[in-house]
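A structural walkthrough
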Amino acid sequence: METKFGPAGNAQSFADAGFRATADAPGWLRGMGLTAYEYQCGHGVSVGEETARKIGAQAALYGITMSLHAPYYINLSSSDPERVEKNIGYVLAACRAADWLGADRIVVHTGGVGKLSRDRAFQNTKENVRRILDAVEAAGHSTTLCLETMGKQSVIGSAEEIFELVALDDRLLPCIDFGHLNARTLGHCRTEEELAAVLDLMEQTIGVDRARVFHSHFSHIEYGPKGETRHLTFADTRYGPDFAPLARLIAARGWTPRFICESAGTQAEDACAMRDLYEAARNAV
Ligand SMILES: [Zn+2]
């Protein structure tokens, strides 16, 4: 296993180069020296089998490791039976598309607390995660579900909460979105010390075997008093977080996570910048 880098969805430069079809993305990414791609189903799993298989075949051909982002409207803090069934259906649809794409990981958001107490919402989330894992296994899928850290304090998804959820079952991995963590802590997840504390907590909570292959989203993210407001590009110098300190930590630990860059429009170029920072850090170890 090696550390992988790639974009979330298609960058502006991909469209500017005249490409329309995502089936062309793997070859284009390979040309840039990238190794991963996250297919976006945030607004629903609408990709057809033929298209998805075509993308998957190109990804296999060009050595691009695939993951998939599940719909944003999944909310795991609800105990409403109808809602719970719907969530399971969305995840199973994502698993089917992931199988066609050859994607081994699906990223899932946990959800807002709403009118519930945080404790109740968290307990519901635990139960729903277990139900979803059972349904995924019963349907014969072996996709790893990655639970994501979220950018607003009102949503379940602090580092502590995500690691505790992932500790429930070996079939789970964390998707650490460092921009989200920096936004929800109002700028306190950006120094090497702060980032190391997140990695240490993950290792202590879920064990080093899963910690070292964690999934990650990375971008600079603007925030206000309640957390995340919008995704930026690496041109931002105000909000961060910068990738360099994280690159040093990953290289020093010899870990092999998968980094998906979610910059606004420049996600492929910024993924290249992340890869270069990581290579430099690795050469310095
Ligand atoms: Zn996400």
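Residues numbered from 1 in each chain as written. Predicted model: local features only at pLDDT ≥ 70, side-chain atom pairs only at ≥ 80, totals over all residues. Heavy atoms only, no water.

1. Observations regarding the pattern of salt bridges
The full count for this structure, using the stated rule, is 14 salt bridges. Measuring nitrogen to oxygen at the nearest pair gives 2.9 Å for the salt bridge that ties Arg171 to Asp169. Classification of Arg171 as partly exposed rests on a relative accessible area of 30%. Among the salt bridges present, the one from Glu279 reaches Arg282, with a minimum N-O distance of 3.2 Å. Of this pair, Glu279 and Arg282 are both found in helix α11 (residues 267-284), three residues apart, which corresponds to roughly one turn of the helix. (Salt bridge = Lys/Arg side-chain N within 4 Å of Asp/Glu carboxyl O. Buried < 20%, exposed > 50% of the residue type's maximum accessible area, 1.4 Å probe, protein only. Helix = DSSP H or I, 4+ residues; strand = E, 2+ residues; numbered from the N terminus.)

2. A few points about the sheet that holds strand β1 (residues 4-7)
Ordered in space as β1-β12-β9-β8-β6-β4-β3-β2, the eight strands form an open sheet in which the pairing is parallel. Each edge of the open sheet is held by one strand with a lone partner, namely β1 and β2 (36-40). Looking at each pair of strands side by side, their axes are set apart by 25 degrees on average, direction ignored. (Pairing = 2+ DSSP bridges. Axes fitted to C-alpha atoms, helices over the stretch in contact; angles between N-to-C directions.)

3. What to know about the packing of aromatic side chains
One pass over the structure, following the stated rule, counts 14 aromatic pairs. With a centroid separation of 5.6 Å and 50 degrees between ring planes, the pair formed by Phe5 and Tyr278 is classed as tilted. You can see Phe5 sitting in strand β1 and its partner Tyr278 sitting in helix α11, a full 273 residues away along the chain. Of the two residues, Phe5 and Tyr278, neither departs from the other in class, the shared state being buried. Taken together, a centroid distance of 6.3 Å and an interplanar angle of 90 degrees make the contact between Phe218 and Phe234 edge-to-face. Of the two residues, Phe218 is situated in strand β9 (residues 215-218) and Phe234 in the loop between β11 (227-231) and α10 (244-253); the sequence distance between them amounts to 16 residues. Owing to a relative accessible area of 1%, Phe218 belongs among the buried residues under this scheme. In textbook terms, an aromatic cluster arises when at least three aromatic residues are bridged by ring pairs, as seen for Phe5, Phe178, Phe214, Phe218, Phe234, Phe243, Trp255, Phe259 and Tyr278. The ring of Trp255 has Arg253 lying over it, and the distance from NZ or CZ to the ring centre is 5.2 Å. (Phe/Tyr/Trp six-rings, centres within 6.5 Å; stacked < 30°, edge-to-face > 60°. Lys NZ or Arg CZ within 6 Å of the ring centre and 35° of its normal.)

Keep in mind these numbers describe shape, not what the thing actually does.
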